[in-house]
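Architecture and fold: a report
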Amino acid sequence: MPTPSPLTATLNATLPATYALSLLSLMLERGQPEAEVLAGTQLSREQLQDQRAQIGAWQYAVLLGNAMKLDGDHSLAYELGLRSQVTKHGFVGFGLISCATLREAIEFSERYFQARVPAFTNVLSVVGDEVVIELRETIPLGPQRDFVMDLVVVELCSLFAKVLGLDPAVSGWLSDIGVPHAEPAAYARYRDRLPRFHFHQKAVEIRFPARLLDEPIATADPVSVQLAIERCEQEISRQEAASGTRGLVLRHLVCREGRYPDVGDVAATLHLSERTLKRRLQDEGTSFQTLLDRIRQRDAQQLLANPALAIKQVAEAVGYSDPANFARAFAKWTGLSPREWRTQGGGRTGFVASGRGADAGSGPN
């Protein structure tokens, strides 16, 4: 059985089966045997054709690993992203085309795409006359990161073009994409069909003119938006009930401007007292500090995998003003210094989910 990527090792995440069906369909179109594409996933084509079905993230990771091994062409990511249809995303897609403006659609996607695909979160900012959407992993993707990120950014650009009723083949793309990795060989063949990519960047970003934020959406319908919100909130409630307090805390531990929320911040967000939050985590066999260190470790490893970033920059990005404190904490998490981890190719292994993320003690409050 193929070995799952780090995507499978951290959270028991699930994904809509329709995403796997899209990949399977493309592989069959390229002449690959169905049995080999699905090998080790414990899935059948019939299961994937159920519009309501969810599959484990580990199953999608195995499927993706099979596809990359059988095909070995990065163009799979571009093709999947370009072919994405709004209807593939269920009530999230329905909500997008029902929003009044692109701004409203992006705000809608920020909340509900993460519920549907919990491997990512995004941060939107307006810089001058440009909108910048930065994508961040919530589950490390390991060696599949470049492929998955390219798929997601192309898919998002394609979806927002469809929401606005634009055809990039006619009007051209209004968005640019930045990615940390080098240019894949397949990019030259797809250059004319894709938004313009900028390689060797410090983050995964989508940029487009800020004037588009207030562009009206022709299919806008406030009643439909409300229906989509209700259905998406039901899905979030179901996921939260399944993940427990631990899952809720992990979802809110996102670093912004070099600071992670503290236990008081998270408790307030969850409408709990600090004492109740700590007790619930203790009942689940963990603590807030353990979860925070786990997220710091994950984020640090992702940033260290980018050779363009100095270790001091990585330390500051995960909330350590003193690189020495960061180095001590990182060594406690992984058994290696940040420099050793980077030198030994740790960026290819993703998050180490061995339970070593115990309280580091040397990190910021």
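Computed from a prediction, not measured in an experiment: that's the story for all the values here.

What counts, and at which threshold
- Residues numbered from 1 in each chain as written.
- Predicted model: local features only at pLDDT ≥ 70, side-chain atom pairs only at ≥ 80, totals over all residues.
- Heavy atoms only, no water.
- Helix = DSSP H or I, 4+ residues; strand = E, 2+ residues; numbered from the N terminus.
- Contact = heavy atoms within 4.5 Å.
- Areas by Shrake-Rupley, 256 points an atom, 1.4 Å probe, with all protein chains shown as cover.
- Salt bridge = Lys/Arg side-chain N within 4 Å of Asp/Glu carboxyl O.
- Buried < 20%, exposed > 50% of the residue type's maximum accessible area, 1.4 Å probe, protein only.
- pLDDT = per-residue confidence, 0-100.
- Pairing = 2+ DSSP bridges.
- Axes fitted to C-alpha atoms, helices over the stretch in contact; angles between N-to-C directions.
- Phe/Tyr/Trp six-rings, centres within 6.5 Å; stacked < 30°, edge-to-face > 60°.
- Polar contact = N/O pair within 3.5 Å; in protein donor to acceptor, adjacent residues only side chain to side chain.

**Remarks on the overall build of the chain**
Each helix and strand in the chain was counted, giving 17 helices and 7 strands. Contacts spanning at least 24 positions in sequence make up 70% of the contacts within the chain whose residues lie at least 6 apart. About 17,200 Å² of surface is accessible on the chain, with carbon and sulfur atoms providing 51% of the total.

**Brief notes about the pattern of salt bridges**
Evaluation of the coordinates by the stated rule reveals 19 salt bridges. Between arginine 196 and aspartate 176 there is a salt bridge whose closest N-O contact spans 2.9 Å. Here the residue arginine 196 occupies a position in strand 6 (residues 196-198), and aspartate 176 occupies one in strand 5 (residues 176-178), the gap between them amounting to 20 residues. Here arginine 279 ties to aspartate 283 by a salt bridge, and the two come within 3.8 Å at their closest N and O atoms. Here aspartate 283 and arginine 279 lie together in helix 13 (residues 274-283), a separation of 4 residues that amounts to about one turn. A residue is classified by how much of its surface remains accessible, and arginine 279, at 44% relative accessible area, is partly exposed. Salt bridges sharing common partners tie together Glu29, Glu79, Arg83 and Arg193.

**Describing the confidence of the model for the chain**
Taken over all residues, the pLDDT of the chain has a mean of 83, while the share at 70 or more is 88%. Taken element by element, the predicted model of the chain shows its lowest mean pLDDT in strand 1 (residues 14-16) (80) and its highest in strand 6 (97). Confidence drops under a pLDDT of 50 for residues 347-365, and excluding neighbours within four residues, the segment shows 51 contacts in the predicted structure.

**Observations concerning the environment of tyrosine 60**
Checked against the element boundaries, tyrosine 60 lands in helix 4 (residues 57-71). For the pair tyrosine 60 and leucine 38, spaced 22 residues apart in sequence, the C-alpha separation works out to 9.6 Å. Apart from the residues within four sequence positions on either side, tyrosine 60 is in contact with Leu15, Tyr19, Ala20, Leu23, Ile55 and Leu151.

**With respect to the sheet that holds strand 3 (residues 120-127)**
Here 5 strands make up an open sheet; going across it, the order is 3-4-7-5-6 and the pairing mixed. In the strand order of this sheet, the two ends are held by strand 3 and strand 6, each with one partner. Each strand axis lies, on average, 20° off the axis of its neighbour in the sheet, ignoring direction.

**Regarding unusual backbone geometry**
Here glutamine 42, not a glycine, exhibits a phi torsion of approximately 60°, which is positive. Counting through the fold element by element, glutamine 42 comes out in the loop between helix 2 (34-38) and helix 3 (45-48). One non-glycine residue, histidine 200, lies in positive phi territory at about 60°. Residue classification places histidine 200 among the exposed residues on the basis of a relative accessible area of 58%.

**Quick word on the packing of aromatic side chains**
Throughout the structure, instances matching the rule amount to 12 aromatic pairs. Between tyrosine 78 and phenylalanine 197, the ring centres sit 5.8 Å apart and the planes meet at 65°, which makes this aromatic pair edge-to-face. Note that tyrosine 78 is positioned in helix 5 (residues 75-83) and phenylalanine 197 in strand 6, a separation of 119 residues in sequence. Each member of the pair tyrosine 78 and phenylalanine 197 is classed as buried. Judged by centre distance (5.8 Å) and plane angle (55°), the ring pair of tyrosine 320 and phenylalanine 326 falls under tilted.

**Quick notes on the environment of histidine 181**
Tracing the chain through its elements places histidine 181 in the loop between strand 5 and helix 10 (187-190). Expressed as a C-alpha distance, the spacing of histidine 181 and arginine 145, which sit 36 residues apart in the sequence, is 9.6 Å. Discounting chain neighbours no more than four positions away, the residues touching histidine 181 are Asp146, Asp150, Phe199 and His200. Within the local environment of histidine 181, its side chain forms a polar contact with the side chain of aspartate 150, the two groups lying 3.1 Å apart.

**Description of the environment of leucine 277**
Inspection of the secondary structure puts leucine 277 in helix 13. Taking C-alpha positions, leucine 277 is 9.2 Å from glycine 264, a pair spaced 13 residues apart along the chain. The residues touching leucine 277, leaving out its near neighbours within four places in the chain, are Thr245, Val249, Val263, Val266, Ala267, Leu270 and Leu272.

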